[in-house]
Amino acid sequence: MGTMIDSFHEHEGPIRGLDFHPTQPLFVSGGDDYKIKVWNYKLKRCLFTLTGHYDYVRTVEFHKEQSKYLFSFY
């Protein structure tokens, strides 16, 4: 079993999707609040929030070859 080393609290509900950037200290999360958030885990803060989805965000992913692109699915 793992040990929690930190937590990030800005979503208004459960997180459904999470992905780490392949080279930068970033991760992206999406959840039941219809929002996507991009985080810097070294700074321990949300950098920005993407809104406009009309349903839960279930999957978020950085593009594996062009990591400046972000995909989401609901």
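Our subject is the structure that appears above.
Residues numbered from 1 in each chain as written. Predicted model: local features only at pLDDT ≥ 70, side-chain atom pairs only at ≥ 80, totals over all residues. Heavy atoms only, no water.

Caption draft 1: Expanded view of the overall build of the protein chain. Along the backbone of the protein chain there are zero helices and six strands. In sequence order, the secondary structure elements of the protein chain are arranged as β-β-β-β-β-β. Going through the 74 residues of the protein chain one by one, you find that 31% of them count as buried. Across the protein chain, every contact between residues at least 6 apart in sequence was considered, and the portion connecting residues at least 24 apart equals 32%. (Helix = DSSP H or I, 4+ residues; strand = E, 2+ residues; numbered from the N terminus. Buried < 20%, exposed > 50% of the residue type's maximum accessible area, 1.4 Å probe, protein only. Contact = heavy atoms within 4.5 Å.)

Caption draft 2: How the structure looks around the side chain of H11. Looking at the secondary structure, you find H11 in the segment before β1 (15-20). Among the polar contacts listed, one links the side chain of H11 to the side chain of D33, at a separation of 3.0 Å. Once you skip the residues sitting within four places of it in the chain, H11 turns out to touch S29, G30, G31, D33, K35, K37 and W39. (Polar contact = N/O pair within 3.5 Å; in protein donor to acceptor, adjacent residues only side chain to side chain.)

Caption draft 3: View of the layout of surface pockets. Its volume calculated, the largest pocket comes out at about 260 Å³. In terms of lining residues, the largest pocket is bounded by 13 residues, among which S7, F8, I15, L18 and F27 are the most central. Contributions of two or more residues to the lining of the largest pocket are made by β1 and β2 (26-31). With three residues, the single largest contributor to the lining of the largest pocket is β1. Grouping the constituent residues of the lining of the largest pocket by class yields seven nonpolar, five polar and one charged. (1 Å grid on protein atoms, 1.4 Å probe; cavity = no way out; pocket = protein on both sides within 12 Å on 5 of 7 lines; lining within 4 Å. Points joined across faces, edges and corners; volume = space filled by probe spheres on them. Nonpolar A, V, L, I, M, F, W, Y, C, P; charged D, E, K, R; others polar.)

Caption draft 4: Molecular detail of the sheet that holds β1. What the four strands build is an open sheet, ordered β1-β2-β3-β4; its pairing is antiparallel. Only two strands of the sheet have a single partner each, and these edge strands are β1 and β4 (45-50). The average undirected angle you get between the axes of adjacent strands in this sheet is 20 degrees. One ladder, built from five bridges, connects β1 with β2; its direction is antiparallel. Each bridged residue has a counterpart across the sheet, and for F20 the counterpart in β2 is F27. (Pairing = 2+ DSSP bridges. Axes fitted to C-alpha atoms, helices over the stretch in contact; angles between N-to-C directions.)

Caption draft 5: Examining the pattern of salt bridges more closely. One pass over the structure, following the stated rule, counts four salt bridges. The closest approach of N and O atoms between E12 and K35, which form a salt bridge, is 3.3 Å. Taken together, the residues E12 in the segment before β1 and K35 in the loop between β2 and β3 (36-40) connect sequence positions 23 residues apart. Two residues, R58 and D55, come together in a salt bridge whose shortest N-O distance is 3.9 Å. (Salt bridge = Lys/Arg side-chain N within 4 Å of Asp/Glu carboxyl O.)

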